[in-house]
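What follows is the residue order along each chain.
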Amino acid sequence: KIEMMMPKIPESVTNIGGHAFTSCNAIVDITIMGGNLDTIGYGAFYNCQNLNSVVIGEGVTILENRVFERSGIKKITLPDSVVTLGESVFYGCEKLEEIHFGKSFEAFGELSFYNCLKLNKITLSHENEHYSLLEGVLYTKDMERLVLYPVDDYRENVTIPDGVVILDDYILMGARMRNLTIPD
């Protein structure tokens, strides 16, 4: 029998290295206090299939590539300090339902949300200067690029707003909708 863990990483920690907790299926919930920690390393929580909840404290600015790839995470709130998500950060997180982006968030890596087929709620700080949220869908601030779509939020009719000229790779993969309208 595996004893489940709910570790708390204190503010004194300055580095979580690459693959530090890979496939550590005993972790259910984790709190990363932030403080002196700037970056969470490549694949740090890769394949932690029982990982349900993650709290990241202020101070962390970068989630490197594949940090939570194929983990069991269901919900995450990125603090205002997070600026960048590396490639495939949440790739294959089939249980991920909800994500919140803070005010400083600027950039996604490729395939950050590929195969997150349960994603149904996206929220964004009203103070974010780089992105806009319209009807629960994330766009760049200039509304030219559709960045993230809540694929598990069933909608009868979806209309991409006028001015959107870029649909990111796999943006509507698995989307639950009946009708889709894309402007000329």
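My aim in this report is to walk through the structure given alongside it, one point at a time. None of the values given here were measured: they were computed from a predicted structure.

### A word on the packing of aromatic side chains
Next, step 1: All chains considered together, the criterion is met by 13 aromatic pairs.
Next, step 2: An angle of 70 degrees between the planes, with centres 5.5 Å apart, marks the rings of Phe101 and Phe108 as edge-to-face. Neither Phe101 nor Phe108 differs from the other in exposure class; each is buried.
Next, step 3: Relative to Tyr131, the ring of Phe108 has its centre 5.6 Å away and its plane inclined at 85 degrees; by these criteria the two rings are edge-to-face. On the criterion of sequence distance, the pair formed by Phe108 in the loop between strand S8 (98-101) and strand S9 (121-124) and Tyr131 in strand S10 (residues 131-134) is long-range, its members being 23 residues apart.

### Considering the sheet that holds S10
Next, step 1: Across the sheet, which stays open at both edges, the 4 strands sit in the order S10-S11-S12-S14 with mixed pairing between neighbours. What marks the edges here is a single partner per strand, and that holds for S10 and strand S14 (166-167).
Next, step 2: For strand S12 (residues 145-148) and S14, the ladder comprises 2 bridges, and the chain directions are parallel. In the strand pairing of S14, Leu146 is matched with Leu167.

### Notes on the environment of Ala26
Next, step 1: As for its placement among the helices and strands, Ala26 is situated in the loop between strand S1 (8-9) and strand S2 (29-32).
Next, step 2: Along the chain, Ala26 and Leu51 lie 25 residues apart, while their C-alpha atoms are 8.0 Å from each other.

### What about the pattern of salt bridges?
Next, step 1: Summed over all chains, the structure comprises 8 salt bridges.
Next, step 2: For Glu98, the salt bridge goes to Lys75, with nearest N and O atoms at 3.7 Å. Note that Glu98 is positioned in strand S8 and Lys75 in strand S6 (residues 75-77), a separation of 23 residues in sequence.
Next, step 3: A relative accessible area of 45% places Lys75 in the partly exposed class.
Next, step 4: A salt bridge links Glu127 to Lys103; the nearest nitrogen and oxygen atoms lie 3.9 Å apart. Here Lys103 lies in the loop between S8 and S9 and Glu127 lies in the loop between S9 and S10, a separation of 24 residues in the sequence.

### Re the sheet that holds S1
Next, step 1: With parallel pairing, 6 strands are arranged side by side in an open sheet as S1-S2-S4-S6-S8-S9. A strand with exactly one partner marks an edge of an open sheet, and here the two such strands are S1 and S9.
Next, step 2: As judged from the 4 bridges shared by S2 and strand S4 (residues 53-56), these two strands associate in the parallel manner. In the strand pairing of S4, Asp29 is matched with Ser53.

Thresholds applied
- Residues numbered from 1 in each chain as written.
- Predicted model: local features only at pLDDT ≥ 70, side-chain atom pairs only at ≥ 80, totals over all residues.
- Heavy atoms only, no water.
- Phe/Tyr/Trp six-rings, centres within 6.5 Å; stacked < 30°, edge-to-face > 60°.
- Buried < 20%, exposed > 50% of the residue type's maximum accessible area, 1.4 Å probe, protein only.
- Helix = DSSP H or I, 4+ residues; strand = E, 2+ residues; numbered from the N terminus.
- Pairing = 2+ DSSP bridges.
- Salt bridge = Lys/Arg side-chain N within 4 Å of Asp/Glu carboxyl O.

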